[in-house]
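# Commentary on secondary and tertiary structure
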Amino acid sequence: MPYCWLRDGMPLHYIEAGEGRPVVMIHALMYSARYFWKPQIGPLSKGCKVIALDMRGHGESGKPSGKYSIEGLADDLKEFLESRKLDGAVLVGVALGGLVILNYLQRYGSAGVAAISIVDMTPRLVSAPGWEHPTFGNFPPEHAAGFGAGVRADRSGLKGFIATGFAKPPAEADLEEMFAESYLVPTDAVADLCDDMVKQDVRGYLPRIPVPTLYMYATKHNKILPTPVGRWMREQTPGSQLVEFEESGHNLTLEEPDKFNRSLLDFVKALG
């Protein structure tokens with residue numbers, strides 16, 4: 001079982017499969033790489049080297065006490081990329097994973113990174129004057145400010161959030177499995193990251209992304225991001241591409257895995 005031992009002594013677990021250009025996959029909040037990328041690892045490994053990380057606090061990686069933050073996760077990503085001496089990597093991130101990638105690029109630059117793919121992420125989760133693409137279509141600051149505290153007080157509410165991420169309601173057994181999987185992440189870590197996510201605003205960075213960018217977004221069945229934020233993102237990032245998923249909710253990697261895998265492999269192959 002492969003681990004990268006970080007400088008603070010924490011083990012960062014990852015899954016590696018395939019050969020070719022490295023594609024580093026960063027999951028969404030509350031999931032392990034093994035579970036989140038199950039429909040992707042096998043098919044993608046036929047066309048590239050898949051490296052799926054368990055972020056700090058998730059899956060089989062270490063779960064140290066202390067505060068969790070997007071900046072800290074980006075620091076871990078930097079250490080991982082340096083330790084593996086990866087060059088020409090494609091970074092792929094869903095929701096929280098996308099915020100981690102953009103934080104990494106802003107602070108450390110794009111050395112060793114050939115391209116990125118951002119999946120179903122809004123650059124500002126919280127409502128603001130003139131901002132048309134917050135989470136849920138409307139996420140008032142006063143609600144956002146208490147979100148992490150709500151998770152700490154009663155985590156069970158996240159089960160409904162998970163269900164809302166699908167175009168069609170999942171079977172109860174599948175929903176229970178996903179919710180149980182989410183408990184691999186300590187409640188304080190989930191709450192810390194929720195608190196940090198609602199503070200993010202990376203809208204101003206999008207025009208300055210220095211590498212080829214693929215956006216992948218669910219559209220008409222997306223209850224988490226119900227506005228055309230993917231089209232807005234593409235407009236902000238010169239030369240970027242957008243693939244839309246019309247049969248999915250927020251969990252497009254699970255609901256349209258074949259289209260996701262094909263779109264990502266096409267993007268990676270086009271890099272040469």
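Residues numbered from 1 in each chain as written. Predicted model: local features only at pLDDT ≥ 70, side-chain atom pairs only at ≥ 80, totals over all residues. Heavy atoms only, no water.

## Observations regarding the environment of Met1
Stated formally: We count a stretch as a helix when DSSP gives it H or I for four or more residues in a row; a strand needs E for two or more, and each element gets its number in order from the N terminus. Remark: exposure states derive from per-residue accessible area (1.4 Å probe, protein chains only) relative to the maximum for the residue type, with buried under 20%, exposed over 50%, and partly exposed in between. We call two residues contacting when some pair of their heavy atoms lies within 4.5 Å.
Of note, Met1 is situated in the segment before strand E1 (3-5). Overall, the relative accessible area of 66% leaves Met1 in the exposed class. Distance in space between the C-alpha atoms of Met1 and Lys159 is 30 Å, their sequence separation being 158 residues. Excluding residues within four positions of it along the chain, Met1 makes contact with His13 and Glu60.

## A word on the pairing of strand E3 (residues 22-26)
Let me state the cut-off plainly: Think of it this way: DSSP has to see at least two bridges between two strands before they count as a pair.
Burial runs high along E3: 5 of the 5 residues are buried. Here E3 shows a buried face lined by Pro22, Val24 and Ile26 and a second buried face lined by Val23 and Met25. Here 5 bridges tie E3 to strand E4 (residues 49-53), and the two strands are oriented parallel to one another. Its bridge partner lying in E4, Pro22 is registered against Lys49.

## Details of the pairing of strand E7 (residues 213-218)
Rules: Viewed with both strands pointing away, a crossover whose connecting path from the first strand over the helix to the second turns clockwise is right-handed.
Counted residue by residue, E7 has 6 buried out of 6 residues, so it is predominantly covered. Residue alternation in E7 divides its side chains into two sets, Thr213, Tyr215 and Tyr217 and Leu214, Met216 and Ala218, and both sets are buried. Bridge count for strand E6 (residues 113-119) against E7 is 4 bridges, and the pairing is parallel. Looking at the pairing, Ser117 lines up with Leu214 of E7. As defined by bridge partners, E7 adjoins strand E8 (residues 241-245) across 5 bridges and the pair is classed as parallel. Bridge assignment links Met216 to a residue of E8, and that residue is Val243. Where the polypeptide runs from E7 across helix H10 (residues 229-236) and back to E8, its parallel neighbour, the crossover connection is right-handed.

## Quick word on the layout of surface pockets
Under the convention used in this document: Buriedness of a pocket was judged along seven lines, with at least five required to meet protein on both sides within 12 Å; pockets are open sets of points on a 1 Å grid over the protein atoms alone, cavities are sets where a 1.4 Å probe fits but cannot get out, and lining residues have an atom within 4 Å of a point. Grid points are joined across faces, edges and corners, and a volume is the space filled by probe spheres set on the points. Throughout, the ten residues Ala, Val, Leu, Ile, Met, Phe, Trp, Tyr, Cys and Pro are labelled nonpolar, Asp, Glu, Lys and Arg are labelled charged, and all others, Gly among them, are labelled polar.
Computed from the structure, the largest pocket encloses a volume of approximately 170 Å³. The wall of the largest pocket is formed by Arg34, Tyr35, Lys38, Pro39, Phe166, Pro170, Asp174, Glu177, Met178 and Leu254. When contributions to the lining of the largest pocket are tallied by element, the ones reaching two or more residues are helix H1 (33-36), helix H2 (38-44) and helix H8 (172-182). In terms of residue count, H8 provides more of the lining of the largest pocket than any other element does, 3 residues in total. Grouping the constituent residues of the lining of the largest pocket by class yields 6 nonpolar, no polar and 4 charged.

## Quick look at empty space enclosed by the protein
Empty space among the atoms becomes visible once a probe the size of a water molecule is rolled across them. Taken as a whole and assessed by the stated rule, the structure comprises 4 cavities of 30 Å³ or more. Space inside the largest cavity adds up to approximately 470 Å³. Around the largest cavity sit 29 residues that line it, and Ala95, Phe161, Met197, Ile224 and His250 are the ones nearest its centre. Breaking the lining of the largest cavity down by element, the ones donating at least two residues are helix H4 (96-108), helix H7 (158-164) and helix H9 (187-197). Its residues assigned to classes, the lining of the largest cavity shows 23 nonpolar, 5 polar and 1 charged. Taken as a whole, the second largest cavity holds about 60 Å³ of empty space. In this structure, the second largest cavity is lined by Leu12, Ile26, Leu53, Met55, Arg56, Leu73, Asp76, Leu77 and Val100. For the lining of the second largest cavity, the element with the most residues is helix H3 (residues 70-84), which contributes 3 residues. Here the lining of the second largest cavity is composed, by residue class, of 7 nonpolar, no polar and 2 charged.

## Looking at the pattern of salt bridges
Using the following cut-off: A side-chain nitrogen of Lys or Arg and a carboxyl oxygen of Asp or Glu constitute a salt bridge if their distance falls within 4 Å.
According to the stated counting rule, one finds 17 salt bridges in the structure shown. In this structure, Glu79 and Arg7 form a salt bridge, with 3.8 Å as the shortest nitrogen-oxygen distance. In this pair, Glu79 is assigned in helix H3 and Arg7 in the loop between E1 and strand E2 (11-17), connecting sequence segments 72 residues apart. Look at Glu79 and you get buried, because its relative accessible area is 14%. Arg7 gets classed as exposed once you look at its relative accessible area, which sits at 68%. With a shortest N-O distance of 2.8 Å, Arg84 and Glu16 are connected by a salt bridge. Residue Arg84 is found in helix H3, and its partner Glu16 is found in strand E2; the two are separated by 68 residues along the sequence. For Arg84, a relative accessible area of 23% translates into the label partly exposed. Three or more residues joined by partner-sharing salt bridges are found here, namely Lys67, Arg152, Asp188, Asp192 and Asp195.

The values are spatial; any link to function lies outside them.
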